[in-house]
Amino acid sequence: SQKIEQNSEALNIQEGKTATLTCNYTNYSPAYLQWYRQDPGRGPVFLLLIRENEKEKRKERLKVTFDTTLKQSLFHITASQPADSATYLCALGEGSGTYKYIFGTGTRLKVLA
Amino acid sequence: SQTIHQWPATLVQPVGSPLSLECTVEGTSNPNLYWYRQAAGRGLQLLFYSVGIGQISSEVPQNLSASRPQDRQFILSSKKLLLSDSGFYLCAWSTDGIGGYTFGSGTRLTVV
């Protein structure tokens, strides 16, 4: 069955360092991969979309990579700040026409001042 | 600008009671609409999605149903709630099914 794995343990890092979060998947061939931020008690907020033919995408301090051979996406936050503390979710979507994304369980990031 | 409204924010319902959660989107036409559920410590589970009025696709056989009576209105219902229906229910919309979803603020449902 399709499976998306994100590190369930919280990631603690010092302010100013680069945070790297991992999203691994099996039995799936996504055409699109998204990353979201979710704060406690709130709905997820869309951050980045990357397509299967794109290796890397950047937006301000965020960088996402997508390796379809390794079946893995890495999400980086450079110069992290305490305000970046949240749970980050990856979501995978198949080709156009399915309109469906499957979400991982998320990784909780805590940036320490 | 587009906005999504979801209510109520919290709900406590007894087992066996009915449920109706409503979601409306403003500022866009013919959005793709979604209902997700997030159980404690678990990922978002897609329940239903709709690409047009009256068009509902169900992802998981369950005690719930969805309807889309108007272009920008999506309703999640149940005739008889179960304890296992407790969770955080999120409505979302997208323009093309590919780009980022915009989520509502969610409804915390506790079935007692």
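Scroll up to find the structure this text is about.
Small disclaimer: the values here were computed from a predicted structure and weren't measured. (Residues numbered from 1 in each chain as written. Chains lettered and ligands numbered in written order. Predicted model: local features only at pLDDT ≥ 70, side-chain atom pairs only at ≥ 80, totals over all residues. Heavy atoms only, no water.)

(A) Spotlight on the overall build of chain A. Within chain A one finds zero helices and eleven strands. The C-alpha atoms of chain A give 14 Å as radius of gyration, which agrees with the globular expectation for 113 residues (13 Å, within 12%). Its C-alpha atoms put chain A at 45 × 30 × 20 Å along the principal axes. For chain A, buried positions account for 42% of its 113 residues. (Helix = DSSP H or I, 4+ residues; strand = E, 2+ residues; numbered from the N terminus. Rg over C-alpha atoms; globule rule 2.2 N^0.38 Å. Buried < 20%, exposed > 50% of the residue type's maximum accessible area, 1.4 Å probe, protein only.)

(B) Representation of the pattern of salt bridges. By the definition in use, this model includes seven salt bridges over all chains. We note a salt bridge from D39 of chain A to R37 of chain A, for which the minimum N-O separation is 3.1 Å. Its salt-bridge partner being D85 of chain B, residue R37 of chain B comes within 3.8 Å of it at the nearest N-O pair. Taken together, the residues R37 of chain B in strand β4 (residues 32-38) and D85 of chain B in the loop between β8 (73-78) and β9 (87-94) connect sequence positions 48 residues apart. For the pair formed by R37 of chain B and D85 of chain B, the shared burial category is buried. (Salt bridge = Lys/Arg side-chain N within 4 Å of Asp/Glu carboxyl O.)

(C) The sheet that holds strand β7 (residues 65-70) of chain B, seen in detail. Residue and element names in this part refer to chain B. The sheet built from four strands is open, its strands ordered β1-β3-β8-β7 with antiparallel pairing. This sheet does not close on itself; its edge strands, each paired only once, are β1 (3-7) and β7. When the angles between neighbouring strand axes are averaged without regard to direction, this sheet yields 20°. Bridge count for β1 against strand β3 (residues 19-26) is five bridges, and the pairing is antiparallel. Bridging across to β3, W7 finds its partner in E22. (Pairing = 2+ DSSP bridges. Axes fitted to C-alpha atoms, helices over the stretch in contact; angles between N-to-C directions.)

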